[in-house]
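Chain residues, written in single-letter form:
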Protein chains: 2
Amino acid sequence: SLKLREVASMYFTAVAVLMVILVVALQGSLPRGNDFPYKVPLDPQGLLELSWNVSYPQQALHFQLLVREPRAGLLFGMSDRGEFENADLAVLWSDGRSSYFGDAWSDAKGQLHLDSQQDYQLLGARKAPEGLYLLFRRAFSTCDPKDYLIEDGTVHLIYGILEKPVPSLQAINVSALPRGLQRVQLLKPNISIPELPRDMETMEITAPGVVIPSQETTYWCYMAELPDGFPKHHIIKYEAVITAGNEALVHHMEVFQCAAEFDSFPHYSGPCDSKMKPERLNYCRHVLAAWAMGAQAFYYPEEAGLAFGGPGSSRYLRLEVHYHNPLVIKGRRDSSGIRLYYTARLRPHDAGIMELGLVYSPVMAIPPGQHSFTLTGYCTDKCTQLALPAAGIRIFASQLHTHLAGRKVVTVLARAGREQQVVNADGHYSPHFQEIRMLKEVVAVFPGDELITTCTYNTEDRSRATVGGFGIMEEMCVNYVHYYPQTQLELCKSAVDPGYLHRYFNLVNRFNDEEVCMCPQVSIPQQFYSVPWNSFNREVLSSLYAFAPISVHCNESSAVRFPVGTAPSPLPS
Amino acid sequence: SLKLREVASMYFTAVAVLMVILVVALQGSLPRGNDFPYKVPLDPQGLLELSWNVSYPQQALHFQLLVREPRAGLLFGMSDRGEFENADLAVLWSDGRSSYFGDAWSDAKGQLHLDSQQDYQLLGARKAPEGLYLLFRRAFSTCDPKDYLIEDGTVHLIYGILEKPVPSLQAINVSALPRGLQRVQLLKPNISIPELPRDMETMEITAPGVVIPSQETTYWCYMAELPDGFPKHHIIKYEAVITAGNEALVHHMEVFQCAAEFDSFPHYSGPCDSKMKPERLNYCRHVLAAWAMGAQAFYYPEEAGLAFGGPGSSRYLRLEVHYHNPLVIKGRRDSSGIRLYYTARLRPHDAGIMELGLVYSPVMAIPPGQHSFTLTGYCTDKCTQLALPAAGIRIFASQLHTHLAGRKVVTVLARAGREQQVVNADGHYSPHFQEIRMLKEVVAVFPGDELITTCTYNTEDRSRATVGGFGIMEEMCVNYVHYYPQTQLELCKSAVDPGYLHRYFNLVNRFNDEEVCMCPQVSIPQQFYSVPWNSFNREVLSSLYAFAPISVHCNESSAVRFPVGTAPSPLPS
């Protein structure tokens, strides 16, 4: 009773070429080409290019997939973290005579099966000089348990190429195909673009003539400089400038402003991890702009802009470009970067960035072998009471941040002990895809509100505890929120009270009849490393974090703490 | 865009009478009257009578609701535990001119709203001399988040009577209506009825001429006696015998066999809690048969029967009838009871009953104020290895049992540390509805298998810990499984190792800076009562139960333990 939609009759030669002639079962009206505002290459060669639009009233997406060199078929779909097993797939395949399109799923072994309910709706297929266009629609949420639920935040898109015709869909096994994954934010916020002033100027921060190194991953560092005496301006928009042809290689880019306390910074253009890189570049860490593949232009709200230039602000900027070159292409030249749009007519408010989540401290740790262990950081009512203006602040964008074990991040706003609103949530968060995201709705935060950030970690591949810290094998739980008007509060975070952690180590010691060295000269990481990680010790640690008082960090820009007191605060309920 | 189905034009007089003349939108074929094998009265007067059938291939139920005295409309539906808020409802209502039928839901305040998706499908409405028949269909699972998911085990059916026409569905608030609840097992197992022998005899164990007391709840006890010299027989079937007209009053009934060590028992017919009840009746506790409202005849599998009569078995039986008389009807006479079908030609195997779950011990406790706290009892591989025959046993029926805080019970079969099969599960378990249920599938248990029983409790209305024990305010977690061939193993249960519980009390003591009296003369319940129940102490207790070794009770009929050893067993994984 499964209905296969025949897309086309197939013209089959020794070299399998897919020719789509006829389109059957058109459903709904066909969006035009310019109706797809978002675009991302799926594969490193850019042979598959996905464009899409989002209809919130319809709760559905329209996809346009351009296949530049069509073969016997292809798979496109989504899965929790980009895995090819138990994935939700739209499949175009040919049996050598005809081509078919269907909504399918892959089982735990990678074998395909047709869904009992067809939720990828084929709207059209068109052959053009540049390749084959496939047009299809998908609701955010279907009622098929085999389907992926499309949510806010990161979506792991996967694709596979069918090189030869197959007798049937069931004959396809994803594990045997050329394939790949691309992370995107599918559900872009539906925000109206603020009016831009006529006197707006632009500045391109690009690293000219970089020869992309022939290695999978390169972080390229380039120093730029504002004109001498450049007065205070407001950045009101920025976007990526990608050298044509390199769309699939430029993975993400950031522009950092350097520290104002140094009068000058050396020029540099080279890999960020090079021994030749001047040490001082490490003092260029204040994010001005960040872009990742698939992201659109970033707009500041009409009332605010990001200040740069003028006294008390460094003239030096550092551009960092992450090249992702898995095919190890050699000798490719690139001059990509970021274009800043700015104005001298300052908007009413400066925008600011505030750091929410957990303090970078080893007291917050994740046991090894955990599928999903959560840690929570609090920006408490006491801190917002002291540090925020009576009229509150408006959060309009957010960048989530963890290290390699991070799997989910969410920040919620609570008022009077009750959850009011999700500030930003990513249930498929990847540390490899850290965009600054404009929020669907601006979030107003008032004195006395709480901002609670929870991160979920996976440590299944680790054999010892992962403690909080700066190292790549240590963890963070951070949400950089972009807001206005700027305040003195730069950091509003927490960690468990160290005295209670000490009680935990004592308890583990006594309960398990084993020695966790309590000698005062042993560091907290060392104590965590010596815990015998059975289910009891894991769960008690989790209960401790949910129960014990916290110490609150409520810091001004100058790293001076707001006077919230030194006694640990009881945990917000 | 909501589609209301007009059921009928309404003939409206001073006394609102619903006249169904016309049926619109018939969907599917109409099941005939004899297609509804299951029947239950919904209200204590029997004015609403529900019949139904189950189609496993269609994964759907057909309901026939007889309304004996139709008014302006009625509500019928389901909810987690019989509450009227956030319930899933089929509603028949009249605005004074027309009648309507729709799938609706009640919000947290009891107000009705039409579902966006209509999943109660009206198939027909028919006026007959005895009342109005409504026929409708409902899939077990719909994709509407406002709908109830129909699962195995108890379903809490709710109803309400609309006495006056309403302008619209939204004008209905459930809290203002005459209403009630009935618990049934909707998804009856689809088992084929074993062939019954021609020489089968019957015996009715009924309490003749009881005047049902004019109080809400009565347990009536009646002693019956088998003929002198009655040889061993096999009970192969039993069913309820309900005095006509009392279908809504007889809530449940059980037949117990008395202890063989007493030669005689006094005759008695009266309330079970009467001071006049002879003490010795407390020795009649071995369940022979149990029936609850809505239950059908109970059949033993072809290969087995329940032995009664003959040497070593008491001639005395105790019938217990629970009358539920919320309207406090006076002077109603009743002679209900249970009809046993038995045969002298013994079947190949005697059936037995085994008790799985937790030992009745205070070491297993539930903190107060818990929405859902779980406790787990193990019938371990060691015990089944020693006590079961090599060919295994077959479990064919199960009766779940807890005291008042019980909310869910599930038993799973595990083999080599992996879950194989659910033996019986009730996610909406109620201590007020303890049927013996025939299993959908007979479960084979072999030496070395484990049977793991988990109970979920709600103690939100309690201010001190609930410990395990026999008292009505203490708790149990038991699954009485009915199986064949009978073995010596009567009880296969566990409890946490008391030494580890002692460590828990020590830990609570030290961590919380409070005194939990550890003096040896203080009982375990007293220690539990003195724990300060914060989230940490609650969660650590839960972690302890999941982690600590257990002591295993693996008892023969004679209450002699099988020699599984006295050291606590490590917890099965």
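Residues numbered from 1 in each chain as written. Chains lettered and ligands numbered in written order. Predicted model: local features only at pLDDT ≥ 70, side-chain atom pairs only at ≥ 80, totals over all residues. Heavy atoms only, no water.

### Description of the overall build of chain A
In step 1: Each helix and strand counted, chain A has 4 helices and 37 strands in total.
In step 2: Counting only residues that meet the buried cut, chain A has 57% of its 573 residues in that class.
In step 3: Expressed as a percentage of contacts within chain A between residues at least 6 apart in sequence, the contacts between residues at least 24 apart total 76%.
In step 4: Split by element, the accessible area of chain A, about 24200 Å² in all, is 51% carbon and sulfur. (Helix = DSSP H or I, 4+ residues; strand = E, 2+ residues; numbered from the N terminus. Buried < 20%, exposed > 50% of the residue type's maximum accessible area, 1.4 Å probe, protein only. Contact = heavy atoms within 4.5 Å. Areas by Shrake-Rupley, 256 points an atom, 1.4 Å probe, with all protein chains shown as cover.)

### Let's talk about the interface of chain B and chain A
In step 1: Taken together, the contact between chain B and chain A spans 18 residues of the former and 18 residues of the latter.
In step 2: A combined buried area of about 1600 Å² lies between chain B and chain A, and 68% of that area is made up of carbon and sulfur atoms.
In step 3: In this structure, the connection of chain B to chain A is made through 0 salt bridges.
In step 4: At the junction of chain B and chain A, the tally comes to 4 residue pairs in polar contact (both at pLDDT 80 or more). (Buried area = accessible area lost by both parts, 1.4 Å probe. Salt bridge = Lys/Arg side-chain N within 4 Å of Asp/Glu carboxyl O. Polar contact = N/O pair within 3.5 Å; in protein donor to acceptor, adjacent residues only side chain to side chain.)

### Brief notes about the packing of helix 2 (residues 498–511) of chain A against helix 4 (residues 535–547) of chain A
Residues and elements named next belong to chain A.
In step 1: Contact geometry for helix 2 and helix 4: axes closest at 11 Å, N-to-C directions at 155°. Comparing the axis directions of helix 2 and helix 4 gives the class roughly antiparallel. The interaxial crossing formed by helix 2 with helix 4 has right-handed handedness. On helix 4, the residues touching Tyr-500, Leu-501, Tyr-504, Leu-507, Val-508 and Phe-511 of helix 2 are Phe-536, Asn-537, Val-540, Leu-541, Leu-544 and Phe-547. (Axes fitted to C-alpha atoms, helices over the stretch in contact; angles between N-to-C directions. Parallel < 35°, antiparallel > 145°, perpendicular 65-115°, else oblique. Left-handed = near helix turned anticlockwise from the far one by under 90°.)

### Thoughts on the UniProt feature "domain: DOMON" (unreviewed entry) in chain A
In step 1: Look at the UniProt record and you will see "domain: DOMON" (unreviewed entry) annotated at residues 46–162 of chain A.
In step 2: In residues 46–162 of chain A, the share of helix is 0% and the share of strand is 58%. The end C-alpha atoms are 16 Å apart. (UniProt positions renumbered as here; feature names shortened; annotations may be inferred.)

### Some points on helix 2 (residues 498–511) of chain B
In step 1: Between its terminal C-alpha atoms helix 2 of chain B stretches 20 Å, which fits the 20 Å expected from 14 residues at 1.5 Å a residue.
In step 2: Within helix 2 of chain B, burial applies to Tyr-500, Leu-501, Tyr-504, Phe-505, Leu-507, Val-508, Asn-509 and Phe-511 of chain B.
In step 3: Contacts from the buried residues of helix 2 of chain B go to helix 2 and helix 4 of chain A together with strand 36 (489–496), helix 3 (524–529) and helix 4 (535–547) of chain B.
In step 4: Asp-513 of chain B lies just past helix 2 of chain B and shows a positive phi near 55°. (Expected span 1.5 Å × (residues − 1).)

### Digging into the side chain of Gln-257 of chain A
All names here are of chain A.
In step 1: Within the element layout of this structure, Gln-257 appears in strand 17 (residues 250–258).
In step 2: Reaching out from Gln-257, the side chain makes a polar contact with the side chain of Ser-313 at a distance of 3.1 Å.
In step 3: Ignoring any residue separated from it by four or fewer positions in sequence, one finds Gln-257 in contact with Tyr-283, Cys-284, Arg-285, His-286, Leu-288, Phe-308, Gly-309, Ser-313, Ser-314, Tyr-316 and Leu-317.

### Some details on the packing of aromatic side chains
In step 1: For the coordinates displayed, the defined rule picks out 52 aromatic pairs over all chains.
In step 2: Ring centres of Phe-547 of chain A and Phe-511 of chain B lie 6.4 Å apart, and the angle between their planes is 45°; this geometry places the pair in the tilted category. Here the residue Phe-547 of chain A occupies a position in helix 4, and Phe-511 of chain B occupies one in helix 2, the pair thus bridging two chains.
In step 3: According to the relative accessible area criterion, Phe-547 of chain A is partly exposed, its value standing at 23%.
In step 4: Judged by its relative accessible area of 3%, Phe-511 of chain B falls in the buried class.
In step 5: Between the aromatic rings of Tyr-38 of chain B and Trp-52 of chain B, the centroid separation amounts to 5.5 Å while the plane-to-plane angle is 45°, which identifies the pairing as tilted. Of this pair, Tyr-38 of chain B sits in strand 2 (residues 38–41) while Trp-52 of chain B sits in strand 3 (residues 48–55), and the two are 14 residues apart along the sequence. (Phe/Tyr/Trp six-rings, centres within 6.5 Å; stacked < 30°, edge-to-face > 60°.)

### Digging into the relation of the copies chain B and chain A
In step 1: Rotating chain B by 180° and moving it 0.3 Å along the rotation axis overlays it on chain A with an RMSD of 0.1 Å. Look at the turn and shift together and you get a two-fold axis relating the two.
In step 2: Interface overlap between copies: 100% of the residues of chain B at the interface are likewise at the interface in chain A, consistent with a symmetric, same-surface contact. (Least-squares fit on C-alpha atoms with pLDDT ≥ 70 in both.)

### Some thoughts on the confidence of the model for chain A
All names here are of chain A.
In step 1: Per-residue confidence for chain A averages 89 on the pLDDT scale, and 90% of its residues sit at or above 70.
In step 2: Predicted confidence is poor over residues 1–29, with pLDDT under 50, and the contacts of this stretch with residues over four places away or in other chains come to 76 contacts.
In step 3: Quick note on the complex model: pTM equals 0.84, ipTM equals 0.78. (pLDDT = per-residue confidence, 0-100.)

### What to know about the sheet that holds strand 32 (residues 437–445) of chain B
Residues and elements named next belong to chain B.
In step 1: Strand order across the open sheet formed by 6 strands is 32-29-35-26-36-37, with mixed pairing between neighbours. A strand with exactly one partner marks an edge of an open sheet, and here the two such strands are strand 32 and strand 37 (550–556). Along the sheet, successive strands turn relative to each other by an average axial angle of 25°, direction set aside.
In step 2: As defined by bridge partners, strand 26 (residues 352–358) adjoins strand 36 across 4 bridges and the pair is classed as parallel. Paired with Gly-357 across the two strands is Lys-493, which belongs to strand 36. (Pairing = 2+ DSSP bridges.)

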